[in-house]
There are 2 protein chains.
Amino acid sequence: MAEVKLFRTWSSPFALRIVWALEVKGIEYEMIYEDLSNKSSMLLQYNPVYKKVPVLLHKGKPISESLVILEYIEETWKSKTPSLLPEDPYQRAMARFWAKFGDDKILPLIWEAFIKQGKDQEEALVAVQENLKYLEVELRGKKFLGGDAVRFADLAFGCLANLVSVFEEVTGVTLIDREKFPLLLTWMQNFMDAPKIRDTWPPRDKLITKFRALRETLIVKEPK
Amino acid sequence: MAEVKLFRTWSSPFALRIVWALEVKGIEYEMIYEDLSNKSSMLLQYNPVYKKVPVLLHKGKPISESLVILEYIEETWKSKTPSLLPEDPYQRAMARFWAKFGDDKILPLIWEAFIKQGKDQEEALVAVQENLKYLEVELRGKKFLGGDAVRFADLAFGCLANLVSVFEEVTGVTLIDREKFPLLLTWMQNFMDAPKIRDTWPPRDKLITKFRALRETLIVKEPK
């Protein structure tokens, strides 16, 4: 049995954070692909609270919640460079702050804009763009949120690099205005092409198909 | 100027987490009380993203988001015992998991139950009790979530110790059934009376008045 196993799906952006962390730090692991419409008994056993991916299994012990897993990886393989978090406590706090900000104030609003239409969608888009402005400012003078290389906060926001264009193609609306967010767009490209990251992306056409179907189902179910 | 300043309100349960951490670790600090209906320019400057308490100012640098601040306190004053987090990475991950679980799956549902009525309130109460069962199991054989003393996850859930009874008095409904959650209730009492913690509680009658007024306003604003 591999010492490190990662339960993921082919498309989960939260599971991809863990793939990136393991790849960037050069940790050997085995991937176990879950079908969320037919969850394995292992997944239910290892993540009884949320019943979702990602779950990292290390020496038989399960950890869930992607940001918690990233901290675990950093602490368990501290000697493996690069570090996901800097040494300085204040800089560590900033990385954690931005990662949490993404999970609280960016990703849920993008999801909201994705499954809504008309005025509701418009409101979510305005809100997400207000919040993305903070990220645009944060990226001034930096290649990555973590500085010159991919670090903790970059992994947290990494899914924007491929999902923004999927969002825009499926919904037909602009999520990130090219003129208002030049640094964010450059960051997305830098992250997309970063070493170790560039080989991990799920096929774009498959994502389009999946999200198109998902949106149709969810919009029908939640009319407004 | 004090090296450590904490921006708080008299009642914020999230700011209390930081009060507890500083008290438990014996860190000297100055408290700055904010009135959220008339926020100070300092608060807006130090927490421009969320514009809320708590904010910890250390050597002139601001940190916001209570769980992020707890990690910062632990890392900055690592030599000050007790440690908020254990040494073992897996145990640290578990503490972080439960703290996040509280913020994602317990506190928002309690708030939901607090500002809703009838069927909506009932649904939120059922959901929060389903989730509290995980906490009840986690408390088996332990005085605190952190073991024999107050630690990271205890601070995250600490506000249950006083706010559950405030919730119940204001709403007139039972939030925590005494028979179903004996360990949780014992934990609440243990936390309430823990050294350093016991002197920090806001006056209960003032909380009742505040939350009664808040509920009346919010229920009127969000009828269902």
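Remember, predicted model here, so these are calculated numbers, not experimental data. (Residues numbered from 1 in each chain as written. Chains lettered and ligands numbered in written order. Predicted model: local features only at pLDDT ≥ 70, side-chain atom pairs only at ≥ 80, totals over all residues. Heavy atoms only, no water.)

Caption draft 1: Fine view of the environment of Asp148 of chain B. Residue and element names in this part refer to chain B. Summarising the element assignment, Asp148 is placed in the loop between α5 (118–138) and α6 (152–157). According to the relative accessible area criterion, Asp148 is exposed, its value standing at 63%. Between the C-alpha atoms of Asp148 and Phe114, which are 34 residues apart in sequence, the distance is 32 Å. (Helix = DSSP H or I, 4+ residues; strand = E, 2+ residues; numbered from the N terminus. Buried < 20%, exposed > 50% of the residue type's maximum accessible area, 1.4 Å probe, protein only.)

Caption draft 2: The arrangement of unusual backbone geometry in detail. The linkage connecting Val53 of chain A with the following residue, Pro54 of chain A, adopts the cis geometry, with an omega of 0°. A positive phi angle, near 50°, is found at Lys59 of chain A, a position not held by glycine. Relative to the elements of secondary structure, Lys59 of chain A occurs in the loop between β3 (55–58) and β4 (61–64). The backbone of Lys196 of chain B shows a phi angle near 75°, a positive value even though the residue is not glycine. Along the polypeptide, Lys196 of chain B turns up in the loop between α8 (182–192) and α9 (204–221). The partly exposed category is assigned to Lys196 of chain B, whose relative accessible area is 41%.

Caption draft 3: Structural detail: the sheet that holds strand β2 (residues 30–33) of chain A. Residues and elements named next belong to chain A. Strand order in the open sheet formed by four strands is β2-β1-β3-β4, with mixed pairing between adjacent strands. The strands lining the two open edges of the sheet, one partner per strand, are β2 and β4. The mean angle between the axes of side-by-side strands here comes to 25°, regardless of whether they run parallel or antiparallel. In the sheet, β3 pairs with β4 via four bridges, with the strands oriented antiparallel. Along β4, the bridge assignment pairs Leu56 with Ile63. Of the strands in this sheet, β1 (4–8), β2 and β3 are in contact with helix α1 (residues 13–25), which crosses β1 at around 150°. (Pairing = 2+ DSSP bridges. Axes fitted to C-alpha atoms, helices over the stretch in contact; angles between N-to-C directions. Contact = heavy atoms within 4.5 Å.)

Caption draft 4: Structural context of the relation of the copies chain B and chain A. Overlaying chain B on chain A yields an RMSD of 0.0 Å, the required transformation being a rotation through 180° with an accompanying axial translation of 0.0 Å. The superposition of one copy onto the other is thereby described by a two-fold rotation axis. Interface overlap between copies: 100% of the residues of chain B at the interface are likewise at the interface in chain A, consistent with a symmetric, same-surface contact. (Least-squares fit on C-alpha atoms with pLDDT ≥ 70 in both.)

Caption draft 5: Inspection of the pairing of β2 of chain A at higher detail. Residues and elements named next belong to chain A. Here β1 runs beside β2; their pairing, made up of four bridges, is parallel. Its bridge partner lying in β2, Leu6 is registered against Met31. Between the parallel elements β1 and β2, the chain passes through α1 in a crossover that is right-handed. (Right-handed = clockwise from strand over helix to strand, strands pointing away.)

Caption draft 6: View of the UniProt feature "domain: GST C-terminal" (unreviewed entry) in chain A. UniProt's entry tags residues 88–211 of chain A with the feature "domain: GST C-terminal" (unreviewed entry), counted in the numbering of this structure. In residues 88–211 of chain A, the share of helix is 69% and the share of strand is 0%. The end C-alpha atoms are 40 Å apart. (UniProt positions renumbered as here; feature names shortened; annotations may be inferred.)

Caption draft 7: Representation of the pattern of salt bridges. Residue and element names in this part refer to chain B. One pass over the structure, following the stated rule, counts 30 salt bridges over all chains. Measuring nitrogen to oxygen at the nearest pair gives 3.0 Å for the salt bridge that ties Lys25 to Glu74. Taken together, the residues Lys25 in helix α1 (residues 13–25) and Glu74 in helix α3 (residues 66–76) connect sequence positions 49 residues apart. We classify Glu74 as buried; its relative accessible area is 1%. (Salt bridge = Lys/Arg side-chain N within 4 Å of Asp/Glu carboxyl O.)

Caption draft 8: Representation of the interface of chain B and chain A within the structure. Each partner contributes to the interface: chain B provides 27 residues, whereas chain A provides 27 residues. The tally of links from chain B across to chain A stands at eight salt bridges. Taken together, the connections running from chain B to chain A amount to 10 residue pairs in polar contact (both at pLDDT 80 or more). Secondary structure elements with two or more residues in the side of chain B that touches chain A: β4 (61–64), α3 and α4 (89–115) of chain B. With 12 residues, α4 of chain B is the largest single contributor of residues to the side of chain B that touches chain A. Split by residue class, the side of chain B that touches chain A holds 15 nonpolar, two polar and 10 charged. (Polar contact = N/O pair within 3.5 Å; in protein donor to acceptor, adjacent residues only side chain to side chain. Nonpolar A, V, L, I, M, F, W, Y, C, P; charged D, E, K, R; others polar.)

Caption draft 9: Spatial organisation of the packing of aromatic side chains. Under the defined criterion, the tally for this structure stands at 32 aromatic pairs over all chains. Both rings, one in Phe101 of chain A and one in Tyr50 of chain B, keep their centres 6.2 Å apart while their planes meet at 80°; by these two values the pair is edge-to-face. Of this pair, Phe101 of chain A sits in helix α4 (residues 89–115) while Tyr50 of chain B sits in the loop between α2 (41–46) and β3 (55–58), which puts the two residues in different chains. Both residues of the pair, Phe101 of chain A and Tyr50 of chain B, belong to the buried class. With 5.1 Å between their ring centres and 85° between their planes, Phe97 of chain B and Trp98 of chain B make a pair best called edge-to-face. A residue is classified by how much of its surface remains accessible, and Phe97 of chain B, at 5% relative accessible area, is buried. Overall, Trp98 of chain B belongs to the buried group, its relative accessible area being 9%. In this structure an aromatic cluster arises from ring pairing among Tyr50 of chain A together with Phe97, Trp98, Phe101 and Tyr134 of chain B. Sitting over the ring of Trp10 of chain A, Lys206 of chain A keeps its end group 4.3 Å from the ring centre. (Phe/Tyr/Trp six-rings, centres within 6.5 Å; stacked < 30°, edge-to-face > 60°. Lys NZ or Arg CZ within 6 Å of the ring centre and 35° of its normal.)

Caption draft 10: View of the sheet that holds β3 of chain B. Residue and element names in this part refer to chain B. Read from one edge to the other, the open sheet built from four strands follows the order β2-β1-β3-β4, with strand pairing classed as mixed. Edge positions in the sheet fall to β2 (30–33) and β4, since each of these pairs with one other strand and no more. Averaged over all adjacent pairs, the angle separating strand axes in this sheet is 20°, with direction ignored. Together, β1 (4–8), β2 and β3 form the strand contacts of α1, whose direction differs from that of β1 by roughly 150°.

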